[in-house]
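# Structural overview
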Amino acid sequence: MKILLVEDNESIILGLEYLLQQEGYRIQTARNMHEAEIFVKDMIPDLILLDVALPDGNGFDFCAEVKQKWDYPVIFLTAKEDETDVVKGLDLGADDYVIKPFRNRELISRIKSVLRRNGKGNSQLKCRDIVLDLKSGKVTRAGEEVNLTKLEYRIFSAMLSYPDKLFTREEILAAIWDISGNFVNDNTLSVTMKRLREKLADTEGEIIKTVRGIGYRIEKEQMER
């Protein structure tokens, strides 16, 4: 599970990075709005921990953007405990609102609860007769293992994790660039998607839907949680 931490207090950052890594989460830290906007497009986080007061903006604006464009789970983590701020955060679609200072175990419990509510607590993602096991990294179709490359696996697992989300070609290219270690161009993406569909017996595009000229998505109605 990948968590994007948006926080500018160095002592809190160090403590949370250690705590969350001990729990097995992968952490990316953004210290301001500018960094957060870059990372949220690149990493496809499973959860965002978000401070309200940031050096170059406020978390409410960032939460509104995230919920409108991607609908990733968001937990506000802030010293602003005024009821008006709490209500505002929740009205923007935040999944929880944790007041600083917080107890570590309570925060971990809230994180796990939000992930479960958003379908992230299960170790398996299912789509028709295809099963992706997040713990083993194996993909099977009708009980037979499907051998995916790292790029194919990363694309497919991201799409299964966020059914109904439209992944633009630009987002996918940005996400797979760092894992390949080389520049990935648009033609390479087309070839990768074609091979992925062939391996999933989805040559007609019934599982991975193409939104012409924009990108791809997997529809939630095909998923079994």
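Quick look at the structure, then. (Residues numbered from 1 in each chain as written. Predicted model: local features only at pLDDT ≥ 70, side-chain atom pairs only at ≥ 80, totals over all residues. Heavy atoms only, no water.)

Turning our attention to the overall build of the chain. Within the chain one finds eight helices and 15 strands. Computed over its C-alpha atoms, the radius of gyration of the chain comes to 18 Å, within 12% of the 17 Å expected for a compact globule of 225 residues. With respect to the principal axes defined by its C-alpha atoms, the chain has extents near 55 × 30 × 30 Å. Classification of the 225 residues of the chain by burial places 47% in the buried group. Put simply, of all contacts in the chain between residues at least 6 apart along the chain, 59% involve residues at least 24 apart. Put simply, the chain shows about 11700 Å² of open surface, and 46% of that area lies on carbon and sulfur atoms. Averaging the positions of the 34 positive and the 39 negative side-chain charges in the chain gives two centres separated by 5 Å. (Helix = DSSP H or I, 4+ residues; strand = E, 2+ residues; numbered from the N terminus. Rg over C-alpha atoms; globule rule 2.2 N^0.38 Å. Buried < 20%, exposed > 50% of the residue type's maximum accessible area, 1.4 Å probe, protein only. Contact = heavy atoms within 4.5 Å. Areas by Shrake-Rupley, 256 points an atom, 1.4 Å probe, with all protein chains shown as cover. Lys, Arg positive; Asp, Glu negative; His and termini not counted. Charge placed at Lys NZ, Arg CZ, Asp CG, Glu CD.)

Glancing now at the packing of helix H2 (residues 33–43) against helix H3 (residues 59–69). Two elements in contact, H2 and H3, have axes separated by 11 Å at closest approach and are oriented at 15 degrees. Classified by the angle their axes make, H2 and H3 are roughly parallel. With respect to the hand of their crossing, H2 and H3 are arranged in right-handed fashion. Of the residues in H3, those touching H2 at Met 33, Ala 36, Glu 37 and Val 40 are Asp 61, Phe 62, Glu 65 and Val 66. Its residues assigned to classes, the contact of H2 with H3 shows five nonpolar, no polar and three charged. (Axes fitted to C-alpha atoms, helices over the stretch in contact; angles between N-to-C directions. Parallel < 35°, antiparallel > 145°, perpendicular 65-115°, else oblique. Left-handed = near helix turned anticlockwise from the far one by under 90°. Nonpolar A, V, L, I, M, F, W, Y, C, P; charged D, E, K, R; others polar.)

Looking now at the packing of aromatic side chains. Summed over all chains, the structure comprises three aromatic pairs. Arranged with centres 5.9 Å apart and planes meeting at 5 degrees, the rings of Trp 70 and Tyr 72 form a pair that is stacked. Accessibility classification places Trp 70 together with Tyr 72 in one group, the buried group. A centroid spacing of 5.6 Å and a plane angle of 45 degrees characterise the contact between Phe 76 and Tyr 97, whose relative ring orientation is tilted. Linking Phe 76 in strand S6 (residues 74–78) with Tyr 97 in strand S7 (residues 96–99), this pair joins segments that are 21 residues apart in sequence. For Phe 76, a relative accessible area of 0% corresponds to the buried category. (Phe/Tyr/Trp six-rings, centres within 6.5 Å; stacked < 30°, edge-to-face > 60°.)

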